[in-house]
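# Architecture and fold: a report
Next come the chains, spelled out residue by residue.
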Amino acid sequence: GAQMPGGGGGGGGLSGFGDLGDIGQQSLDLIADCNWPAYAEGVLLTPLAAFIVALLTIPCCCCFFCCRMCQLCGGCQRSHGFFVGVPLRQLDNPDDQYSARSVLIVRVAIVAVCVLMVVAFIIAVAGSTRMTVDTTEFTNGLVDDADTLFEEVRTIGARARALFAPIQQLLGGDLAT
């Protein structure tokens, strides 16, 4: 095989990688055993919802700002209804002005929503981390229990063979058949 810098020549697995040792070979085996189509599907589907929302946000924002520039909704003064631009609002008319209370309510609501979004993000990250830890612990416990059960079955089999060995000798045959 080809000589690679820092490694032996051609031993230990995939050609051209040299002698990688046990850990390197295990890593290459894991990569070779990967279900790449399922992995690619997971990588593409995970951000899909966020990507769709981002794509829908662009035309929604454009429509909102166009309506706002035409004074059909929102703005510094009250509108006479949703998409009702006529009659035009008068800047000096107190009925077309927002009250200080309504502005304060909107600001408090926006701050509350932002705080709730931060809290939701923190909860989501903590939950994801906890779920990963719990899943790993559960899987490790399951594997350990399976290993223990296998060893117990093996021990019971050895005891049974030892118990029935005298009977096997008397019969002169193999009890396993």
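Residues numbered from 1 in each chain as written. Predicted model: local features only at pLDDT ≥ 70, side-chain atom pairs only at ≥ 80, totals over all residues. Heavy atoms only, no water.

### Looking at the confidence of the model for the chain
Scored by pLDDT, the chain has a mean of 76; 67% of the residues are at 70 or more. At the level of individual helices and strands, the chain shows its lowest average pLDDT in helix α1 (residues 21–33), which scores 64, and its highest in helix α4 (residues 100–171), which scores 89. Confidence over residues 1–17 falls short of pLDDT 50; this stretch has 18 contacts with residues more than four positions distant or in other chains. (pLDDT = per-residue confidence, 0-100. Helix = DSSP H or I, 4+ residues; strand = E, 2+ residues; numbered from the N terminus. Contact = heavy atoms within 4.5 Å.)

### Considering a nonpolar patch on the surface
Nonpolar side chains collect at one region of the surface, where Leu-45, Leu-48, Phe-51, Ile-52, Leu-55, Leu-56 and Ile-58 lie side by side and expose about 680 Å² of accessible area between them. For the nonpolar patch, the element with the highest residue contribution is helix α3 (residues 48–69), accounting for 6 residues. Note on placement: Leu-48 falls in helix α3. (Patch = residues over 30% accessible without salt bridge, like charges linked within 9 Å, V, L, I, M, F, W, Y side chains within 5 Å. Areas by Shrake-Rupley, 256 points an atom, 1.4 Å probe, with all protein chains shown as cover. Salt bridge = Lys/Arg side-chain N within 4 Å of Asp/Glu carboxyl O.)

### Quick look at the pattern of salt bridges
Evaluated as defined, the whole model comprises 2 salt bridges. Between Arg-130 and Asp-134 there is a salt bridge whose closest N-O contact spans 3.2 Å. You can see Arg-130 and its partner Asp-134 sitting in helix α4, 4 residues apart, about one turn around the helix. Between Arg-154 and Glu-151 there is a salt bridge; the shortest N-O distance is 3.6 Å. Here Glu-151 and Arg-154 lie together in helix α4, a separation of 3 residues that amounts to about one turn.

### Points about the packing of aromatic side chains
Tallied over the full model, the rule gives 1 aromatic pair. When the centroid spacing of 5.2 Å and the interplanar angle of 70° are considered together, the rings of Phe-64 and Phe-65 count as edge-to-face. (Phe/Tyr/Trp six-rings, centres within 6.5 Å; stacked < 30°, edge-to-face > 60°.)

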